[in-house]
Amino acid sequence: MYRNRGLIACLSALSLLYLLLFPLPVDLPSGIALVSFASADTVPGGYVSGTWYAASSPYYINGSITIGASDTLTIEPGVEAIFLGYYNLTVNGYLEAIGTEADSIHFFPADTTARWGGIQFVSGPTSYLAYCKVRYSGESGIYCQSDPVITQCTISNNISGPA
């Protein structure tokens, strides 16, 4: 009898693996979308700080976010920050987004036709962006009132004013 339990457990594991590799098609009603946020992080609007890890990427930004005057946000190489609406990242503190040539950091909207608000450096200590890609904002991509160091970044497909 115990032998059969092992066989059943093995078949159950194989069935689960098969479903993960070959998911069954699902017909959803019109206007309904199925979105998976597996291994992703959703960031609500408000103040942000800490570290955004590549292992938790992509980060879905669901509201305008701000790095407070005494706060730091560090973004690891390979992170994707995907803005779910016309939201911006305002930097009043310290932003360190240092990618690599092989593993850039990406800032872009979920819908490139709706765009997003871009990165605004307002005040704070000198922030650093390297090997970042800032794309499809409804602003210039990056707006500076302070003095960030920006090197080896691609700032493209941005426009001035909302789409």
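See the structure printed just above.
Residues numbered from 1 in each chain as written. Predicted model: local features only at pLDDT ≥ 70, side-chain atom pairs only at ≥ 80, totals over all residues. Heavy atoms only, no water.

Colleague: Could you give an account of the nonpolar core, with specific residues and numbers?
Modeller: Among the nonpolar cores identified, the biggest contains 25 residues, and W52, I75, L89, L95, F107 and I119 are the most heavily contacted of them. At the level of secondary structure, the elements contributing two or more residues to this core comprise β3 (59-67), β4 (72-75), β5 (80-83), β6 (88-91), β7 (94-98), β8 (105-109), β9 (118-121) and β11 (132-135). It is β3 that contributes the most residues to this core, four residues altogether. Setting aside its immediate chain neighbours within four residues, F107 contacts I75, A81, F83, L89, A97, W116, I119, C132, K133, V134 and R135. (Core = buried A, V, L, I, M, F, W, Y, C linked by side-chain atoms within 4.5 Å. Buried < 20%, exposed > 50% of the residue type's maximum accessible area, 1.4 Å probe, protein only. Helix = DSSP H or I, 4+ residues; strand = E, 2+ residues; numbered from the N terminus. Contact = heavy atoms within 4.5 Å.)

Colleague: I'd like a rundown of the sheet that holds β4, residues and numbers included.
Modeller: The strand order β2-β4-β7-β10-β13 describes an open sheet built from five strands, whose pairing is parallel. Each having just a single partner strand, β2 (50-52) and β13 (149-151) make up the two edges of the open sheet. The mean inter-strand angle of the sheet, taken between neighbouring strand axes irrespective of direction, is 10°. Here β2 runs beside β4; their pairing, made up of three bridges, is parallel. Bridging across to β4, W52 finds its partner in I75. (Pairing = 2+ DSSP bridges. Axes fitted to C-alpha atoms, helices over the stretch in contact; angles between N-to-C directions.)

Colleague: For the pairing of β6, give the residues involved together with the corresponding values.
Modeller: Burial along β6 is two-sided: N88 and T90 facing one way and L89 and V91 facing the other are all buried. Here three bridges tie β3 to β6, and the two strands are oriented parallel to one another. By the bridge assignment, I67 is partnered in β6 with V91. Sheet topology note: the β6/β9 ladder contains four bridges and is parallel. Paired with V91 across the strands is F121, a residue of β9.

Colleague: So what's going on with the environment of N88? Which residues, and what values?
Modeller: Within the element layout of this structure, N88 appears in strand β6. Once the C-alpha coordinates of N88 and G117 are considered, the two residues, 29 residues apart in sequence, prove to be 4.2 Å apart. Apart from residues lying up to four places away in sequence, N88 is in contact with S64, I65, F83, G117, G118 and Q120. In terms of polar contacts, N88 uses its side chain to reach the side chain of S64, at 2.9 Å. (Polar contact = N/O pair within 3.5 Å; in protein donor to acceptor, adjacent residues only side chain to side chain.)

Colleague: Please set out the pairing of β7 residue by residue, giving values where relevant.
Modeller: Both β4 and β7 contribute to a ladder of four bridges, which runs parallel. Across the sheet, the residue bridging to L73 is L95, located in β7. In this structure, β7 lies alongside strand β10 (residues 128-130), joined through three bridges in parallel fashion. Within the sheet, the bridge partner assigned to E96 lies in β10 and is Y128.

Colleague: Which residues make up unusual backbone geometry, and what values go with them?
Modeller: Geometrically, the link from S57 to P58 is a cis peptide bond, its omega value of 5° lying close to zero. Note on placement: P58 falls in the loop between β2 and β3. One non-glycine residue, R115, lies in the positive phi region at around 70°. Relative to the assigned elements, R115 resides in the loop between β8 and β9. With relative accessibility at 14%, the residue R115 sits in the buried group. A positive phi is found at Y131, a non-glycine position, where the angle reads about 50°.

Colleague: Account for the environment of K133, naming residues and giving values.
Modeller: Here K133 is to be found in strand β11. On the basis of relative accessible area, K133 is assigned to the partly exposed category, the value being 30%. Placed 23 residues apart in sequence, K133 and S156 show a C-alpha to C-alpha distance of 7.7 Å. Leaving out residues up to four positions away in the same chain, K133 has contacts with S104, I105, H106, F107 and T154.

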